[in-house]
Amino acid sequence: MKNKRNFSRRRYATVRLTTDAVLIAVYVALASFVSINLPIAQFSLSSLPILLCVFALGVPDAVAVALCGSFIEQVLYGLSPTAPLWMAAPVAMALTAGGLAALFRRLSGRELPVWQTIVTVVVAELVMTLVNTGMLYLDAHIMQYSVKAIGVVLPIRLGNGAARTVCTAILTPGILTPLRLITDKRRADSHNGTRGKSV
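All figures in this text were calculated on a predicted structure; none of them were measured in a lab. (Residues numbered from 1 in each chain as written. Predicted model: local features only at pLDDT ≥ 70, side-chain atom pairs only at ≥ 80, totals over all residues. Heavy atoms only, no water.)

> Tell me what's going on with the overall build of the protein chain, and back it up with residues and numbers.
For the protein chain, the helix and strand inventory stands at six helices and two strands. Restricting the contact set of the protein chain to residue pairs at least 6 apart, pairs at least 24 apart contribute 74%. (Helix = DSSP H or I, 4+ residues; strand = E, 2+ residues; numbered from the N terminus. Contact = heavy atoms within 4.5 Å.)

> Break down the layout of surface pockets for me, citing the residues and quoting the values.
What the largest pocket holds in volume is close to 720 Å³. Within the residue set of the lining of the largest pocket, elements represented by two or more residues are helix 1 (2–32), strand 2 (42–43), helix 3 (59–77), helix 4 (83–108), helix 5 (114–143) and helix 6 (148–198). Per-element accounting of the lining of the largest pocket gives the leading share, five residues, to helix 6. Looking at the lining of the largest pocket residue by residue, the classes come out as 11 nonpolar, 14 polar and three charged. (1 Å grid on protein atoms, 1.4 Å probe; cavity = no way out; pocket = protein on both sides within 12 Å on 5 of 7 lines; lining within 4 Å. Points joined across faces, edges and corners; volume = space filled by probe spheres on them. Nonpolar A, V, L, I, M, F, W, Y, C, P; charged D, E, K, R; others polar.)

> Mind laying out the side chain of Asp-139, listing which residues take part and the relevant values?
Inspection of the secondary structure assignment puts Asp-139 in helix 5. When sequence neighbours within four positions are dropped, the list of residues in contact with Asp-139 reads Thr-82, Leu-85, Trp-86, Gln-144 and Tyr-145.

> Give a description of the pattern of salt bridges that names residues and reports values.
A complete count under the given rule lists three salt bridges for this structure. Between Glu-111 and Arg-105 there is a salt bridge, and its shortest N-O distance comes to 3.3 Å. The partner of Glu-125 in a salt bridge is Arg-164, and the shortest N-O contact between them spans 2.7 Å. Remark: Arg-164 occurs in helix 6 and Glu-125 occurs in helix 5; sequence separation between them is 39 residues. Comparing Glu-125 with Arg-164 shows no difference in burial state: the two are buried. (Salt bridge = Lys/Arg side-chain N within 4 Å of Asp/Glu carboxyl O. Buried < 20%, exposed > 50% of the residue type's maximum accessible area, 1.4 Å probe, protein only.)

> So, the packing of aromatic side chains: which residues are in play, and what are the values?
The full count for this structure, using the stated rule, is one aromatic pair. Each ring, one from Phe-104 and one from Trp-115, has its centre 6.1 Å from the other, and the planes form 65 degrees; the classification is edge-to-face. Of the two residues, Phe-104 sits in helix 4 while Trp-115 sits in helix 5, which places them 11 residues apart along the sequence. (Phe/Tyr/Trp six-rings, centres within 6.5 Å; stacked < 30°, edge-to-face > 60°.)

> So what's going on with a nonpolar patch on the surface? Which residues, and what values?
On the surface, a nonpolar cluster with roughly 690 Å² of combined accessible area is contributed by Phe-33, Val-34, Phe-71, Ile-72, Val-75, Leu-76 and Leu-79. By the secondary structure assignment, Phe-71 is in helix 3. Residue Phe-71 is classed as partly exposed on the basis of its relative accessible area, which comes to 42%. (Patch = residues over 30% accessible without salt bridge, like charges linked within 9 Å, V, L, I, M, F, W, Y side chains within 5 Å. Areas by Shrake-Rupley, 256 points an atom, 1.4 Å probe, with all protein chains shown as cover.)

> Describe the packing of helix 2 (residues 47–56) against helix 4, with residues and values.
Packed helices, taken two at a time, are described by their axes: the angle between them and the distance between them. Following both chains from N to C, one finds helix 2 and helix 4 inclined at 35 degrees, their axes separated by 9 Å at the closest point. With respect to the hand of their crossing, helix 2 and helix 4 are arranged in right-handed fashion. Residues Ser-47, Ile-50, Leu-51, Val-54 and Phe-55 of helix 2 form the contact with helix 4, whose own contacting residues are Pro-90, Met-93, Ala-94, Ala-97, Gly-98, Ala-101 and Arg-105. Within the contact of helix 2 with helix 4, the residues separate by chemical class into nine nonpolar, two polar and one charged. (Axes fitted to C-alpha atoms, helices over the stretch in contact; angles between N-to-C directions. Left-handed = near helix turned anticlockwise from the far one by under 90°.)

> Talk me through the packing of helix 2 against helix 5; I want residue IDs and the actual numbers.
Between helix 2 and helix 5, the shortest axis-to-axis distance is 11 Å and the interhelical angle comes to 130 degrees. When the axis of helix 2 is compared with that of helix 5, the two are oblique. For the element pair helix 2 and helix 5, the recorded crossing hand is right-handed. Residues Ser-47, Leu-51 and Phe-55 of helix 2 lie in contact with helix 5, whose contacting residues are Thr-117, Thr-120, Val-121, Ala-124, Glu-125 and Met-128. (Parallel < 35°, antiparallel > 145°, perpendicular 65-115°, else oblique.)

As structure tokens, this is what we get:
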């Protein structure tokens, strides 16, 4: 009985780890290979897998995806002394989205409807943009390059963040539905298997 229960838990843990690994790979692909390089900015939808992970699996998995994905991204671009700064924004997004989603669930007692999902995405993207901007100024002070130059590119970076927010707000609810069906089915199979073994 106990062995079968442990097997069900291990099976669901394997599904979670596999899903996390896929989302990390998607993050790296979107950040490094499927991004649009502008002269002074980069348009990327790498925040999408983090948001999907928050809603489908929860905050711990989303933070893991954010940390691992952003670290691999930094390795691909070349690690610098300020690399940890650029990993802060994705983690902040995961924590923000997770906290807001938990608040909505607590208030309504059910899964988030589409409008609450979109609000969560928009707020999390805003936090990510603000943290990224702060890290940009901090990076300038640490690496000793012109802070004034940041003021020139800042409007473009903010516009870039706004465009990313619109895209992720549109895409997240549509992709989340089939992803949640898969993860919920795996979770239910694990729980049903556990209950069946104790009878």
